[in-house]
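Secondary and tertiary structure notes
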Amino acid sequence: MRSCSSKVPRDAVHHPLFARFYARFSVAADVRGVVAHRRELLDGLSGRVIEIGAGNGLNFTHYPAAVSEVVALEPERTLRQLAFTAARHAEVPVDVVPGAAEALPVKSEAFDAAVASLVLCSVRDVPRALSEIKRVLRPGGELRFFEHGAAPGRPMATVQRALDRTVWPRVFGGCHTARDTLGAIEAAGFELGTYRRLCVPGKGPRLPTSFCVLGVARRPHEDAR
Ligand SMILES: C[S@@+](CC[C@H](N)C(=O)[O-])C[C@H]1O[C@@H](n2cnc3c(N)ncnc32)[C@H](O)[C@@H]1O
């Protein structure tokens, strides 16, 4: 009989099938052009960086040399294992750790920047996750984001909402297609900097996840928490 103490604690996120799918799909998507958006997302970063939901670690090789350390949080076990391997190929030190965005296991004001790429669609509690990101950034620290979200046109937005209520989150590891990420970032008290909207993929038919935004927001210098 197994004793209670031999039980392995459940991960905060447990999507083994999606993890295996994403490990292949994301590499193919990078080859088809997403890699350019990753580079743009990380361009010019320096100092200590926390990456939220790092997945299989496809951002790691694109961090600039001025980054002194990346703490890469990944709650899903299969993806975290792949991230460990990816970290070994990065040019900057990357420490892969378990944990969820809603309760970041790090000290307050410890980071110069936070990176969220294709992750705020999947976190369970977006306001809490953004409040945590703000907590761990120093005043003036940057949130770099590359996220998909709600479509501007009504027909696709209607499809997105229907998908979010039914199959999409179940099939795609908790992902939602219709979130208003920019609105959520502003509502969390960040100052929006420059950002641009883009479609991914850039050519061909639009998918429910095509409507992306890539940019930067800052934790205000005078931030009454
Ligand atoms: C679509 S993948 C994106 C992975 C990676 N950021 C990238 O750019 O390829 C979504 C990621 O969010 C992670 N995730 C899901 N819920 C999370 C949470 N509550 N906190 C942190 N990460 C989460 C998943 O495990 C997965 O790695």
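Described below are features of the structure shown in this document. (Residues numbered from 1 in each chain as written. Predicted model: local features only at pLDDT ≥ 70, side-chain atom pairs only at ≥ 80, totals over all residues. Heavy atoms only, no water.)

1. Concerning the overall build of the protein chain
- Regarding its fold elements, the protein chain presents six helices and seven strands.
- Counting from the amino terminus, helix and strand elements in the protein chain follow one another as α-β-β-α-β-β-α-β-α-α-α-β-β.
- Its C-alpha radius of gyration of 17 Å places the protein chain within 12% of the 17 Å reference for a compact globule of 225 residues.
- Out of the 225 residues in the protein chain, the part that is buried amounts to 50%.
- Accessible area of the protein chain: about 11600 Å², with a carbon and sulfur share of 57%.
- In the protein chain, which carries 31 positive and 23 negative side-chain charges, the distance between the mean positions of the two groups comes to 8 Å. (Helix = DSSP H or I, 4+ residues; strand = E, 2+ residues; numbered from the N terminus. Rg over C-alpha atoms; globule rule 2.2 N^0.38 Å. Buried < 20%, exposed > 50% of the residue type's maximum accessible area, 1.4 Å probe, protein only. Areas by Shrake-Rupley, 256 points an atom, 1.4 Å probe, with all protein chains shown as cover. Lys, Arg positive; Asp, Glu negative; His and termini not counted. Charge placed at Lys NZ, Arg CZ, Asp CG, Glu CD.)

2. Things to note about helix 4 (residues 154–165)
- End to end, helix 4 covers 17 Å across twelve residues, agreeing with the expected 16 Å (1.5 Å per residue, within 8%).
- Within helix 4 the residues assigned to the buried category are M156, A157, Q160, L163 and D164. Take helix 4 and look down its axis: the buried residues cluster within an arc of 125 degrees, on one side only. Structural note: helix 4 exposes R154, P155 and R165 on the side pointing more than 90 degrees away from its buried face.
- Where the residues of helix 4 are buried, they touch helix 5 (168–171) and strand 7 (211–218). (Expected span 1.5 Å × (residues − 1). Arc of directions from axis to C-beta. Contact = heavy atoms within 4.5 Å.)

3. Topic: the environment of A103
- Mapped onto the elements, A103 comes out in the loop between strand 3 (94–97) and strand 4 (111–117).
- Residue class for A103 comes out partly exposed when judged on its relative accessible area of 47%.
- Sequence separation between A103 and E132 is 29 residues, and the spatial gap between their C-alpha atoms is 6.6 Å.

4. Focus on the site of the ligand
- Taken together, 18 residues are adjacent to the ligand, and Y22, G53, E74, A101 and S117 come closest.
- In the environment of the ligand, an oxygen atom lies 2.8 Å from a nitrogen or oxygen atom belonging to the side chain of R38.
- G55 places a main-chain nitrogen or oxygen 3.4 Å from an oxygen atom of the ligand.
- Against a free-state accessible area of 590 Å², the protein chains account for coverage of 96% of the ligand.
- Class assignment of the residues belonging to the shell around the ligand gives a composition of ten nonpolar, four polar and four charged. (Near = heavy atom within 4 Å. Polar contact = N/O pair within 3.5 Å; in protein donor to acceptor, adjacent residues only side chain to side chain. Nonpolar A, V, L, I, M, F, W, Y, C, P; charged D, E, K, R; others polar.)

5. Examining the sheet that holds strand 2 (residues 67–73)
- The seven strands are arranged 3-2-1-4-5-7-6 in an open sheet whose pairing can be described as mixed. Every other strand in the sheet has two partners, leaving strand 3 and strand 6 (191–199) as the edge strands with one partner each. Pairs of neighbouring strands in the sheet enclose a mean axial angle of 15 degrees, with direction left out of account. (Pairing = 2+ DSSP bridges. Axes fitted to C-alpha atoms, helices over the stretch in contact; angles between N-to-C directions.)

6. Looking at the pattern of salt bridges
- Under the definition given, this model contains eight salt bridges.
- For E132, the salt bridge identified is with R135, shortest N-O distance 2.8 Å. With a gap of three residues between them, E132 and R135 both fall in helix 3 (residues 126–136), about one helical turn apart. The same class applies to E132 as to R135, namely buried. (Salt bridge = Lys/Arg side-chain N within 4 Å of Asp/Glu carboxyl O.)

7. Brief notes about helix 2 (residues 77–88)
- With twelve residues, helix 2 extends 17 Å from end C-alpha to end C-alpha; this agrees with the ideal 16 Å at 1.5 Å per step.
- Buried residues of helix 2: L79, R80, A83, A86 and A87, and no others. Buried residues along helix 2 cover an arc of 115 degrees about the axis, so they all sit on one side.
- Here the buried face of helix 2 lies against helix 1 (16–42) and strand 3.
- Backbone nitrogen of T78 and a side-chain oxygen of the N-cap are separated by 2.9 Å at the start of helix 2; the cap is E76.

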